[in-house]
Amino acid sequence: MPRSKKFRRARLIVIVLVVLLIVGLGGSGYWAVHTVRASFPELTGTVRVSGLSAPVDVKRDDKGVPQLYADTSEDLFRAQGYVQAQDRFWEMDVRRHITAGRLSEMFGSGQVETDAFLRTMGWRRVAQQEYDTVLSAETKKYLQAYADGVNAWLAEHPGGAGASLEYALLGAVNGNYKPEEWTPVDSVAWLKAMAWNLSGNRQEEIDRALLGQNFQQDEIDQLYPAYPYDRNGTIVKTGKVAPDGSYKPADGSTATATGATATGAAGTGTTQGRAATQAVLKGLSDTMAAVPQLLGPQGQGIGSNSWVVSGSHTTTGKPLLANDPHLGPGMPSVWYQMGLHCRTVGPKCGFDVAGFTFAGTPGVVIGHNKKISWGFTNLGADVTDLYLEKVTGPDTYLRDGKEVKFQTRKETIKVAGGEDRTITVRTTVNGPLISDQSSEQQNVGTYAPAGNAAPDRASGYGVALQWTALTPGRTMDAVFELDTAADWKGFQKAAADFAVPAQNLIYADTENNIGYQTPGTIPVRGKGDGRYPAPGWDSAYDWKKDPVPFKSLPYSYNPASGYIVTANQAVVDSAYPYSITTDWEYGTRAKEITDQIEGRLKNGGKISPDDMQAMQLDNTSVMARTLVPLLLKVKITDPYVREAQDLLKDWNYHQDADSAAAAYYNGVWRALLTLAFGQKLPASLRAEGDCLLVRQKSNSTLPDDAVNGEVKPVTECGTRKPDQAQPDGGDRWTEVVRTQLTKPDSTWWNYIDSNHLPQHGLNNLLAQAMKNARQDLTAYLGKSISTWSWGRLHTLTLKETTLGSDDSSIGSGFVHRLLNRGPYRLSGGSAAVNAAGWNAAAGYQVDWIPSMRMVVDLSDFDASRWINVGGASGHAFHSNYNDQTELWAKGELLPWAYSPDAVTKATAHTMTLTNG
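The model shown is predicted, which means the values in this text are computed figures rather than measured ones.

## What to know about the nonpolar core
Soluble globular proteins tend to pack their nonpolar side chains together in the buried interior.
Thought 1: In this structure, Leu223, Trp467, Ile597, Tyr664, Tyr665 and Leu913 are the most contacted members of the largest nonpolar core, which totals 234 residues.
Thought 2: Among the elements that take part in this core, helix α21 (residues 660–676) stands out by supplying 13 residues, more than any other.
Thought 3: When sequence neighbours within four positions are dropped, the list of residues in contact with Ile597 reads Trp307, Val309, Tyr563, Val565, Ile607 and Met615.
Thought 4: Counting nine residues, the second largest nonpolar core, distinct from the first, contains Tyr387, Leu433, Ala464 and Ala534.

Pasting the structure below:
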C-alpha cells in the first residue's frame, strides 16, 4: 500500500532540510553528506562493466567532460551508456517516461493529461516500429551496447538506491517507484521529443485561426508578413530541379546531390479549412503547452545560428565552423559534451568523434571527427498539419461524404498512488485524434462559421495531427553515419537518412571544402498550404504518398562566396518548386552575420577563430537602428520621460548587460508591442494576468448591464502560459513593426491610453510607449536612471526541469529553489545574434538561449573551442553541475582537446572500465 500523503510530505520536508543543511553548513553530518553525495560518479580506478571485450579508458578533464577510448565500437557505446548514466541517469529516466507517456508512474495523477496526450501521439510506439522495421542491424547493435552499459551502471544502484538526490526526493512521495532497465527503444524515442520541439509551424497554425476572433484575413496577413527576400536573402540561391528530380545549385557549387528517389508534386495554397472554433484550438494549444518542453519553448523567433567560412577566407587557411543552437535553459543542460575514440580506427572500431551528445542517446549529435565537422540549425520545415474531422459517432468520422471507422487502441496509464486510467485512442487517415484527451477540445465547432463547403458541425469537429515524426524513420542511423563520414559524399548519405527533425546541416572538411544540405522528410500537400487547419473530410487536402525527394532538396557545395550562413532564414525563394514552409524566420540574425562576414572580408581581409567567437556574441538590436531615430524625433515635454529618451541619443544599439540605454529601448519596444498589438489580441493569445477592459460583444440586443444604450466594459484576462503568449517580440514582430512604420496612419497605431481613452497615430503611440517604459523601468529598477542596466532586467535562471511543477509531483517551490541556479545578468536579445531571448508579452526574463557554443578549426582540431550551459554532471551540488555557466554568460569558450596528446594533457581523472 502507498504511504499516506501526510507521511510522504513529512519525509520530503526532512530530506529538504538535510539538503539545506548540506548547502548552508558545508555538508555537516554523515547522513546528510551520504544522502546527497552517494551518487556522485567514480572518476578514478577500475570499474567492472559486464560485456566489454577489452578495457575502456575514461579520461575526464577538470570540467568533468569525458573522453572514451576503446578497441571496438560496441565497447565504445557500452562505455558511453555507463558514463552517461553515471552523470545523468535521473534525467534519462524522466525523459524516457515523458516520451513513453508514463510520467504518472513517477509523479502521480497530476501528469495523467500529459500522458494521455503523449500516448495519443504514440511517440514510443513509433520508436518501437523504427527499431523493429527500419533501423540498420549495425545501429541496433550500437543501441543495444549502449543500453547494456546503462544497465551495468543501474545494476550498481538497484531500485535507484543511491542513484541521485532526486530519487531520494521521489522516494519520499512515491516509495514504490523503481527504475526499469534501459532499452534501445528508450534511446530512439528521445528523437521524437527533439522533433516535437523543433517541428514546423504547429503553433502558428493555431494562432492564425485564433486571431480570426478579432481580425479579418488581411489583418491576420499583416501580422504574418511575407518573408523579406530582397533585404535578408536566403541560405542558398534558388537552383533548379532537373527533369530527373535532382537539384541543380545556382551558386557555383561543384557537386551533385545523392540520395532517395521518391517523387511527388507541389501542393497549391489555400485558406479553406481554417474554420476551427476558438474553443477547440485554445484547448489544443493549452494541451500542447503542457507537454514538457525538453528543448525549450516553441514558437517563431526561436532558432539557432551556424556559419562556415572557407579556408580561402580564414587566417588558418582551412575552414572555420561556428554553431550555437538556441534552446530553452534548464538544469541539467540539454547537451552533454563527450569524445568517442577508437584506439585504432578500422573495421572493428570506426569512430573518432567529439562533440555534443544527448544523455540517453548514443553517438555524437553535433561536432567533428578527424575529417569533417558539422552543425545544425532548425530548418523550420512545415512537417505538421492539423486536420478538422467531422466525428459522426463513437466509431466513425466523415470522409468524402461517407462514414468510415476510426482505427482504435486502448492505452492504460498507471498512476502512482492512484487508480489506473484507460483511454481510447482514435486515429483517422490523417493521424491520431488529439482532441479526444481534453473536455475543452471536445467542444468544437459550436459557434464559428465553417463555410458552405463544410459539413454540419452537430456537436463539433475533432482535430487530428498529421506529423512526419509519426512515421518510422532512420534518423538514428543518420547519427552514426554523421559520426563516421569522411567526406561530402558520406555527409550527404547521412543527411538522406536524417528524417526528423528537419535541420539545416552545414559542413566543413580538412580538404578545405564547405557545404550545406537540406535534409528531412518534408511532405507534399494536395490542396492547402499548411497555414490553417485543413478539412479532414475532403481527401483533396491529404498529403501525397511520397515526400519531397531527397535528391530534390536544396544544397550548396563550395559556393563562390566562400561562406554559408544558416540562422533559420528562408533556404530558397518562391521559385523553388516545392513548399518547405510559409513560416520562415525573417532573417534578421542571418543578415547581421552575413554583413559581419562580408565586412571582415573587405579589401582582402581574413576571418580568424577569434572573429568567429566575437560574432557569436554580437548583441546588436537591428530593429533599434530603425526605431530609435523615430523615437528621438518625438517631442517629449515631460522632463521625467525626456530624461529616459535622452539615453537613446548616443546609444550604439548594443544590448550590453550594463547598458541603461538597452534597458530603456527594450522597455519601449515592449510597450509599443502592447499598445499597438497586445491590446487588440484575443485573450487566448495573451499572457495569463494580462487583463484589459473590453466592450462586451452582442448581436441584435444590448446585454443586461447596458446603460443608456452603452455597453459597459468588462475585464478580460489572457489565458496563455506566459512563455507562449503574443506578441512575443521575436523576429516576426520586428518585421510586422518595420512594415507598419511605413504607414503612419495605420489602424495598428490606434490604442487605448492609461485613461482608457482611444488615441490615434504613430507619433502619439511612440510618445505613449516611451512614457509607459519610463514608468515600467522605474518600477523594476528605480527612479534614478543612473542605476539602470539591461542585465538587471534581462536575467536568466536555470531551472531544474525534471521534477515537474504540479502539486502532486515532487517539484515544490522550495525544492526547485535548491536545485535552480542563477539569476545571471545577460547581454543580448531575441532577434540578436547573441540570442538571449525574452517574451515581451510576459516580461524581460530570458527564456531561450544559445544552449552551447562551438567554433571548430579544421586546420587544428585541438585549437577548437566549446562551451556548455550548466555542466557535465546532472547531480545537484556536484562541482561540475554548473561550472560552465559563468564562463558562458561572459562569452568565453573553453579549449576543446581532441588529439590523444591534447586529451592526456587536459586529463584530471582517469577511470578504466573492464569486463566483469
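## Digging into the packing of helix α3 (residues 73–99) against helix α9 (residues 184–197)
Thought 1: Close contact between α3 and α9 brings their axes to 9 Å; oriented N to C, the two are set at 70°. One finds that α3 runs roughly perpendicular with respect to α9. Seen from above, α3 lies across α9 with left-handed handedness. Taken together, the residues of α9 that come into contact with α3 (itself represented by Arg95, Arg96 and Thr99) are Asp186, Ala189, Trp190 and Ala193.

## Some words on the confidence of the model for the protein chain
Thought 1: For the protein chain, per-residue confidence averages 88 on the pLDDT scale, and 85% of positions sit at 70 or higher.
Thought 2: In this model residues 439–450 is a low-confidence stretch, pLDDT under 50, and it forms 39 contacts with partners more than four residues away in sequence or in other chains.
Thought 3: Segment residues 697–708: pLDDT under 50, and ten contacts once partners within four positions in sequence are set aside and those in other chains are kept.

## Here's the deal with the sheet that holds strand β17 (residues 431–432)
Thought 1: If you trace the three strands from one edge of the open sheet to the other, you get β15-β16-β17, paired in antiparallel fashion. Of all strands in the sheet, those with a lone pairing partner are β15 (407–413) and β17, marking the two edges.
Thought 2: One ladder, built from two bridges, connects strand β16 (residues 421–428) with β17; its direction is antiparallel. Within β17, the position partnered with Thr428 by the bridge is Gly431.
Thought 3: Where helix α5 (residues 112–121) meets the sheet, it contacts β15, β16 and β17, and its direction lies at approximately 145° from that of β15.

## Notes on helix α10 (residues 202–211)
Thought 1: Among the ten residues in α10, ten count as buried, and that is most of the element.
Thought 2: Among the residues of α10, those classed as buried are Arg202, Gln203, Glu204, Glu205, Ile206, Asp207, Arg208, Ala209, Leu210 and Leu211.

## Some thoughts on unusual backbone geometry
Thought 1: The omega angle of the peptide bond from Met331 to Pro332 is -5°, so this bond is cis rather than trans.
Thought 2: Mapped onto the elements of the fold, Pro332 is located in the loop between β7 (320–327) and β8 (336–342).
Thought 3: Look at the link from Val500 to Pro501: it is a cis peptide, with omega at -5°.
Thought 4: Here Pro501 is to be found in the loop between α16 (488–497) and β19 (503–509).
Thought 5: One non-glycine residue, Asn603, adopts positive backbone phi at about 55°.
Thought 6: By the secondary structure assignment, Asn603 is in the loop between α17 (588–601) and α18 (609–616).
Thought 7: Asn603 gets classed as exposed once you look at its relative accessible area, which sits at 85%.
Thought 8: Non-glycine residue His756 carries a positive phi angle of around 65°.
Thought 9: The class of His756 is exposed, set by a relative accessible area of 52%.

Rules used throughout
Residues numbered from 1 in each chain as written. Predicted model: local features only at pLDDT ≥ 70, side-chain atom pairs only at ≥ 80, totals over all residues. Heavy atoms only, no water. Core = buried A, V, L, I, M, F, W, Y, C linked by side-chain atoms within 4.5 Å. Buried < 20%, exposed > 50% of the residue type's maximum accessible area, 1.4 Å probe, protein only. Helix = DSSP H or I, 4+ residues; strand = E, 2+ residues; numbered from the N terminus. Contact = heavy atoms within 4.5 Å. Axes fitted to C-alpha atoms, helices over the stretch in contact; angles between N-to-C directions. Parallel < 35°, antiparallel > 145°, perpendicular 65-115°, else oblique. Left-handed = near helix turned anticlockwise from the far one by under 90°. pLDDT = per-residue confidence, 0-100. Pairing = 2+ DSSP bridges.

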